[in-house]
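# Analysis of the macromolecular model
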Amino acid sequence: MEAFGEPIHVTRPFLPPYDQFCDGLKEIWDNRWLTNNGPIHQRFERRLAEYLRCANVALFNNGTLALQIGLQGLGISGEVITTPFSFVATTHALYWNRIRPVFVDIEPDYYTIDPSRVEAAITPWTTAILAVHVYGHPCDLDSLADIARRHELKLIYDAAHAFGVEVDGRSIGEFGDLSMFSFHATKTFHTLEGGMLVFPDPALKNTFEYLRNFGFQGEIEVVMPGTNAKMNEIQALMGESILPHMPAILAARRTIADRYWERLREIPGIHFPAQLPPTVEHNFSYMPIEVDATEFGMERDDLYGLLRRHNVFARRYFYPLICDYACYRGVRVNDPLPVARRVAGCILALPMYADLSLEAVDRICEITSEGSRI
Ligand SMILES: *Cc1c(COP(=O)(O)O)cnc(C)c1O
């Protein structure tokens, strides 16, 4: 199989039609209002609340600061139980709040935090659970809610991957005390850079707005030591321009995922996460596969290298585990993390974005299939 002429990356940002975006820029030029809760920001916030059917949302300039502020606004301290199988920012948000991360294992079907391991890790210092809807797979929502209620813990979701996901007809943002969505350029829905908090308690809205704007309440009063995490008008415009395309984006991703499944299913040693229950509306934000080296005849890293030689840039999301990064190696981990370690060693995220052609998918699958025959 010949290499691709152009690099195929794991993702490629969706852009709205150029002319549509330029019309929006004209509005910004006319307004001369570039940031600080501008008119497009206000409109975009309302549209998102409608889209998600969640009353309380707050926008930020990125997901990491949104999560940091979310934890701060909820007053989380001490220890928080979290997953090592995520993007590193999940744990960084704890660290920046001087919270100790307690890493526990994931379950093997969807790679989300294992509720039984969460329960085993609770100590008198535990104040919250920070779970991740990794790849857009919903966590075990009922079990986590039950544990949080019984132990009086806050339940926080890193929903960075989960925009557009629904469970039983409800937006994934409706669960827990707080959910953070990332609108980074590489995510399914983006605002160039951006982030959002969704929360059931309307009283938190003011707190988050103070925290993202230096703590200002009005012109001459600062009520808390906030930071600068405001979304600007260009970001809001990008989001507003992409939002109407979401149904088409999600449909295209579904078609691509179906094609991958159809073509890769036949290859010995290539496995997928478990099928999601029919109650879940998925967003196909990533295309993770597990490579069983014995069955496949090649290690995950060798397949990764083979794809690279063909100009296909798959990514080892999520490897290494967060607790194995130099900056977190000093954190004591009591859970042996057997599932997380196994998955980190064999997972590979294949290219997935709305305008990836089915021909390209077929070629990626063909290269992969050649790997199994080497
Ligand atoms: C992307 C991502 C973040 C960080 O979001 P940014 O908007 O890039 O700051 C946090 N958690 C997870 C799981 C992510 O994938």
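Here, every reference points to the structure presented above.
Residues numbered from 1 in each chain as written. Predicted model: local features only at pLDDT ≥ 70, side-chain atom pairs only at ≥ 80, totals over all residues. Heavy atoms only, no water.

When you line up the elements, P288 lands in strand β15 (residues 287-291). Judged by relative accessible area, P288 falls into the buried class, the value being 6%. For the pair P288 and P124, spaced 164 residues apart in the sequence, the C-alpha separation amounts to 37 Å. Other than its neighbours up to four places away in sequence, P288 contacts Y135, F272, P273, I347, L348 and A349. (Helix = DSSP H or I, 4+ residues; strand = E, 2+ residues; numbered from the N terminus. Buried < 20%, exposed > 50% of the residue type's maximum accessible area, 1.4 Å probe, protein only. Contact = heavy atoms within 4.5 Å.)

The next thing to look at is the nonpolar core. Of all hydrophobic cores here, the largest spans 50 residues; its most connected members are L48, I129, L144, F163, F183, F189 and M196. If you count residues domain by domain, this core takes at least three from each of domain 1 (8-13 + 245-373) and domain 2 (18-242). Every residue in contact with L144, bar those within four places of it in the chain, is listed here: I113, P115, V118, I129, A131, C139, L155 and Y157. I256, F284, F296 and Y304 belong to the second largest nonpolar core, which has 30 residues in total. (Core = buried A, V, L, I, M, F, W, Y, C linked by side-chain atoms within 4.5 Å. Domains from an automatic or database assignment.)

Spatial ordering of the open sheet is given by β8-β7-β14, a layout of 3 strands whose pairing is antiparallel. This sheet does not close on itself; its edge strands, each paired only once, are β8 (170-171) and β14 (280-281). Bridge count for strand β7 (residues 166-167) against β8 is 2 bridges, and the pairing is antiparallel. In the sheet register, V167 faces β8, and the bridge partner there is R170. (Pairing = 2+ DSSP bridges.)

With that settled, consider the sheet that holds strand β17 (residues 347-350). Spatial ordering of the open sheet is given by β13-β15-β17, a layout of 3 strands whose pairing is antiparallel. Every other strand in the sheet has two partners, leaving β13 (270-271) and β17 as the edge strands with one partner each. Looking at chain direction, β15 and β17 are connected through 4 bridges and run antiparallel. Bridge assignment links P288 to a residue of β17, and that residue is A349. Along the sheet, helix α11 (residues 300-309) contacts β13, β15 and β17; its crossing angle with β17, the most-contacted strand, is approximately 25 degrees. (Axes fitted to C-alpha atoms, helices over the stretch in contact; angles between N-to-C directions.)

Geometric values such as these leave the question of function open.
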